[in-house]
Amino acid sequence: MRLRNVTGSREVIAESRFVVQEPTMYKGRWNEVFDNENPIQIEIGMGKGQFLMELATRNPEINFIGIEKYSTVLLRAIQKMEVQELTNLRFIRMDAEEICAVFNCGEIAKIYLNFSDPWPKDRHAKRRLPSRQFLARYNQILAADGRIAFKTDNAALFDFALVEQEAAGWKIEAMTRDLHHDKKMLAGNIMTEYEEKFSGLGNPIYKYIIYR
């Protein structure tokens, strides 16, 4: 369970050079933040940053932005960046519902959704990150050849994501219901903190990559 209250976390975030404080100012101009024209990929719900930091380390030719709404969790990622600063990675503290106010049409090359909150009650379905409502938002900011990569240990959420993907008119490029026993899709896989925990318990990891 995510901790949501740590004294001083918001103050640390407000002062961190790794966090973009007014992201709407950079809509359509995110390459100015990185001072280059490299493609931009984002992770929505980045947690403590393990996945995205490793991804940025392996791919210095790509710019990465991590989005996290909980201050306490983002604080952990900032602490990691203070130890290992990466010039091609920056963070935003915001609710994912606001992404269209932050990124321009076609500005993002790829979106990662890792172990998203399942929001199990039916009335909260539109809050799920692979929902058709969010797919409509991703459609606005994703490049024409962009991809969405989604991983979860939650079978019900994955089944929901497949229904939503089809209803929204997206296509499956690759899919597995047991990532760690799928040699092709496992190649180059970077584990999140949750993935290490759940796969260590023997739980299957579900993944898809979709496009329009």
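What counts, and at which threshold
Residues numbered from 1 in each chain as written. Predicted model: local features only at pLDDT ≥ 70, side-chain atom pairs only at ≥ 80, totals over all residues. Heavy atoms only, no water. Helix = DSSP H or I, 4+ residues; strand = E, 2+ residues; numbered from the N terminus. Rg over C-alpha atoms; globule rule 2.2 N^0.38 Å. Buried < 20%, exposed > 50% of the residue type's maximum accessible area, 1.4 Å probe, protein only. Contact = heavy atoms within 4.5 Å. Areas by Shrake-Rupley, 256 points an atom, 1.4 Å probe, with all protein chains shown as cover. Lys, Arg positive; Asp, Glu negative; His and termini not counted. Charge placed at Lys NZ, Arg CZ, Asp CG, Glu CD. Axes fitted to C-alpha atoms, helices over the stretch in contact; angles between N-to-C directions. Parallel < 35°, antiparallel > 145°, perpendicular 65-115°, else oblique. Left-handed = near helix turned anticlockwise from the far one by under 90°. 1 Å grid on protein atoms, 1.4 Å probe; cavity = no way out; pocket = protein on both sides within 12 Å on 5 of 7 lines; lining within 4 Å. Points joined across faces, edges and corners; volume = space filled by probe spheres on them. Nonpolar A, V, L, I, M, F, W, Y, C, P; charged D, E, K, R; others polar.

1. Focus on the overall build of the chain
Okay, so step 1: On a plain count of helices and strands, the chain comes out with 9 helices and 7 strands.
Okay, so step 2: Since a compact globule built from 212 residues should have a radius of gyration of about 17 Å, the 16 Å found for the chain is in line with a globular shape.
Okay, so step 3: Overall, the chain is about 40 × 35 × 35 Å in size when its C-alpha atoms are taken along their principal axes.
Okay, so step 4: A total of 212 residues make up the chain; the buried ones form 47% of that total.
Okay, so step 5: Expressed as a percentage of contacts within the chain between residues at least 6 apart in sequence, the contacts between residues at least 24 apart total 75%.
Okay, so step 6: When the accessible surface of the chain is split by element, carbon and sulfur atoms take 48% of a total near 10,800 Å².
Okay, so step 7: Each charge sign in the chain was given a centre, from 30 positive and 29 negative side chains, and these centres are 5 Å apart.

2. Notes on the packing of helix H6 (residues 132-141) against helix H7 (residues 155-167)
Okay, so step 1: Where H6 contacts H7, the two axes come as close as 9 Å, and the packing angle between them is 55 degrees. Taken together, H6 and H7 sit at an angle that is classed as oblique. The interaxial crossing formed by H6 with H7 has right-handed handedness. Along the contact surface, H6 presents Arg132, Gln133 and Leu135, while H7 presents Glu164, Gln165 and Ala167.

3. Section: the layout of surface pockets
Okay, so step 1: Roughly 290 Å³ of volume is contained in the second largest pocket.
Okay, so step 2: If you trace the second largest pocket, you find 20 residues lining it, with Leu55, Lys110, Tyr112, Gly188 and Lys207 closest to the centre.
Okay, so step 3: For the lining of the second largest pocket, the secondary structure elements donating two or more residues are helix H3 (50-58), strand E4 (108-114), strand E5 (142-152), helix H8 (183-186) and strand E7 (206-211).
Okay, so step 4: When the residues that make up the lining of the second largest pocket are grouped by side-chain class, the tally is 10 nonpolar, 5 polar and 5 charged.

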